[in-house]
Amino acid sequence: MAKIPVIIDTDPGIDDFMMLIVGLAHEKIDVRLITTAAGNQEQDKTYENALRMVSYLGKDVEVARGLDRPIFKELETAPDFHGETGTGKVLFPDPVIEGSQRPAISAMYDVIMTSDEPITIVTSGPLTNVGMLLNAHPEVKFNIKKISIMGGAAMGGNVIPTAEFNIYADPDAAELVFRSGVPVVMSGLDATREAYLLESEIEAIREIGTDLAEKVYKMLKFYQEAAEGSPFNVPYFEDVVRLHDACAIAYVIDPSLFRGNFYYVTVERASPLTAGTTFVDYLNTLDMQPNAYVLYDVNRDELVNLFFDALHQY
Ligand code: RIB
Ligand code: CA
C-alpha cells in the first residue's frame, strides 16, 4: 500500500500526543518531519515534549523547532488543560534522538521541495509555522496536497464563546493558511466535540497494561479533570475527554469517518471581542469560492477504534 507522505506540525499537548500515537503507528502514514508550534505551552516545552514523545514511541523522525510566538499576538498558552509541562503530570524519559539542526520552516521547505510526491500537512496547534512558511515561500504550494488542521469552529468556541484555541492563538497565521489557495480540511469543534472518550473507554485504555497505556490514561484523566473545572456551564464542557487533534490525522487516514461540506472560511482578526473566530460562510453570505472542507460530524466509535488499534501497536 502506498504510504501518504506527511509533515506533522504540533503543540504537544495532551491530545497532540494522542494524535502522534496514531500518526506514527498507522501503516498508511509516512511521517517525513515533525515541527513544533507554541500553543498549549511555550516553544521550549512543546519542542522538548515532541522530542521526548517521538523518542519514547521508538520512532526516529526529524523533529524541528518552530517559531516561539504568534505572528502579531502575544503568546497565550493553556497550562490549565495541559499542565505546566504540557503533558499533564506525566514525565517522559530523556530523548535518545537529537533535535533537527534545521529550524521548522527550513525543514518544511526542504522536505516539501524535495519530495517526489505532494506532501500532506497535518496540524494540531496554532498555524504560526505553516502560515509563515506559505507567506515566505509560496512556491511550496505546488507540492502540498492538502493541509488537514485541527482548529476553528462553524459554531461555538472553547477559549472565547466564538473561537477555538488553535485559531484564536494565532488568527493572522490561520488567515494566511485559509487564503493560501492550498486545500484545507478543517477539523473544527463542530466535529471534534463529538470525538469524545467514554469513561469506560478511558478505563479500558488503562487495562491494556503497557507503560504507554498508563501514561495515556494519566494524561487523559488530567485533561478530564481540567474540563470538569472549566468555567463554562454549557453542554460542550461536561467532563468528557475529546480527541480533538486525532481528528486531523484520522481524516488523512480515512476520510469516510467524517462528514463535511465545502465552505468559504476567513478569520476575524480586527475585533477585540471576537478575534480568532473562524467565519464559516455556510449561508454563502459573501458569495466567495469555498476554500476549506469543513467537517461537522465524525464516526466516534470508529475513531476510538483507530486510537485503540494504534495504542496496541507499541
Ligand atoms: O481547541 C483544541 C485544540 O487546542 C487542541 O489542539 C488542543 O491541543 C489545543 O491545542
Ligand atoms: Ca494541540
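What counts and what doesn't
Residues numbered from 1 in each chain as written. Chains lettered and ligands numbered in written order. Predicted model: local features only at pLDDT ≥ 70, side-chain atom pairs only at ≥ 80, totals over all residues. Heavy atoms only, no water. Donors = N, O, S within 2.8 Å, 3.2 Å for Na, K, Ca; no water. Buried < 20%, exposed > 50% of the residue type's maximum accessible area, 1.4 Å probe, protein only. Phe/Tyr/Trp six-rings, centres within 6.5 Å; stacked < 30°, edge-to-face > 60°. Helix = DSSP H or I, 4+ residues; strand = E, 2+ residues; numbered from the N terminus. Contact = heavy atoms within 4.5 Å. Polar contact = N/O pair within 3.5 Å; in protein donor to acceptor, adjacent residues only side chain to side chain. Axes fitted to C-alpha atoms, helices over the stretch in contact; angles between N-to-C directions. Parallel < 35°, antiparallel > 145°, perpendicular 65-115°, else oblique. Left-handed = near helix turned anticlockwise from the far one by under 90°. Nonpolar A, V, L, I, M, F, W, Y, C, P; charged D, E, K, R; others polar. pLDDT = per-residue confidence, 0-100. Pairing = 2+ DSSP bridges.

Participant: Can you walk me through the coordination of the calcium ion (ligand 2) in this structure?
Facilitator: In a perfect tetrahedron of four donors around a metal, the angles come out at 109.5 degrees. In a perfect octahedron of six, they are 90 or 180 degrees. Protein-derived ligands of the calcium ion (ligand 2) are Asp11 (OD), Asp16 (OD), Asp16 (OD), Ser124 (O) and Asp245 (OD), with the metal-ligand distances lying across 2.2 to 2.8 Å. Residue classification places Asp11 among the buried residues on the basis of a relative accessible area of 0%. Given the relative accessible area of 0%, Asp16 is considered buried.

Participant: Looking at this structure, how should I read the packing of aromatic side chains?
Facilitator: Given two aromatic rings, their pairing is described by the distance between the two centres and the angle made by the two planes. Tallying each qualifying case throughout the model produces seven aromatic pairs. Summarising the aromatic geometry, the rings of Phe17 and Phe92 are spaced 5.0 Å apart at their centres and angled 75° between planes, so their arrangement reads as edge-to-face. With Phe17 in helix H1 (residues 14–23) and Phe92 in the loop between helix H3 (79–82) and helix H4 (104–114), this pair connects stretches of sequence that are 75 residues apart. In this structure Phe17 comes out as buried when scored by relative accessible area, which is 0%. We classify Phe92 as buried; its relative accessible area is 9%. A centroid spacing of 6.2 Å and a plane angle of 50° characterise the contact between Tyr251 and Tyr293, whose relative ring orientation is tilted. Of this pair, Tyr251 sits in helix H11 (residues 246–253) while Tyr293 sits in strand S12 (residues 292–298), and the two are 42 residues apart along the sequence.

Participant: Would you mind going over the environment of His244 with me for this structure?
Facilitator: Here His244 shows up in the loop between strand S8 (241–242) and H11. Distance from His244 to Met19, taken between C-alpha atoms, is 8.5 Å for residues 225 residues apart in sequence. Not counting the four nearest positions on each side in its chain, His244 is found in contact with Asp15, Met150, Leu189, Thr192 and Tyr223. Reaching out from His244, the side chain makes a polar contact with the side chain of Thr192 at a distance of 2.8 Å.

Participant: Any chance you could explain the packing of helix H9 (residues 199–208) against helix H12 (residues 300–311) here in plain terms?
Facilitator: Two quantities define a packed helix pair, namely the angle between the axes and the distance from one axis to the other. Look at H9 against H12: their axes get within 11 Å of each other, and the N-to-C directions meet at 15°. Put simply, H9 runs roughly parallel to H12. The element H9 and its partner H12 pack so that their crossing is right-handed. Residues Glu201, Ala204, Ile205 and Ile208 of H9 pack against Arg300, Val304, Phe307, Phe308 and Leu311 of H12. Residue composition of the contact of H9 with H12, by class: seven nonpolar, no polar and two charged.

Participant: Just to check I follow, could you spell out the confidence of the model for the protein chain for this structure?
Facilitator: Any region with low pLDDT has predicted coordinates that should not be read closely. Summary statistics for the protein chain give a mean pLDDT of 95 and a share of 96% for residues scoring 70 or more. Looking over the protein chain, one finds the lowest element-wise mean pLDDT in H3, namely 89, and the highest in strand S4 (residues 119–123), namely 99.

Participant: Please clarify how the pairing of S12 should be interpreted in this entry.
Facilitator: For a regular strand, side-chain orientation follows a simple rule: the groups alternate between the two sheet faces. Counted residue by residue, S12 has five buried out of seven residues, so it is predominantly covered. The sheet contact formed by strand S6 (residues 184–187) and S12 spans three bridges and is parallel. Note on S12: the bridge partner recorded for Met186 is Val294. Across six bridges, strand S9 (residues 258–263) lies against S12 in antiparallel orientation. Within the sheet, the bridge partner assigned to Asn261 lies in S12 and is Val294.

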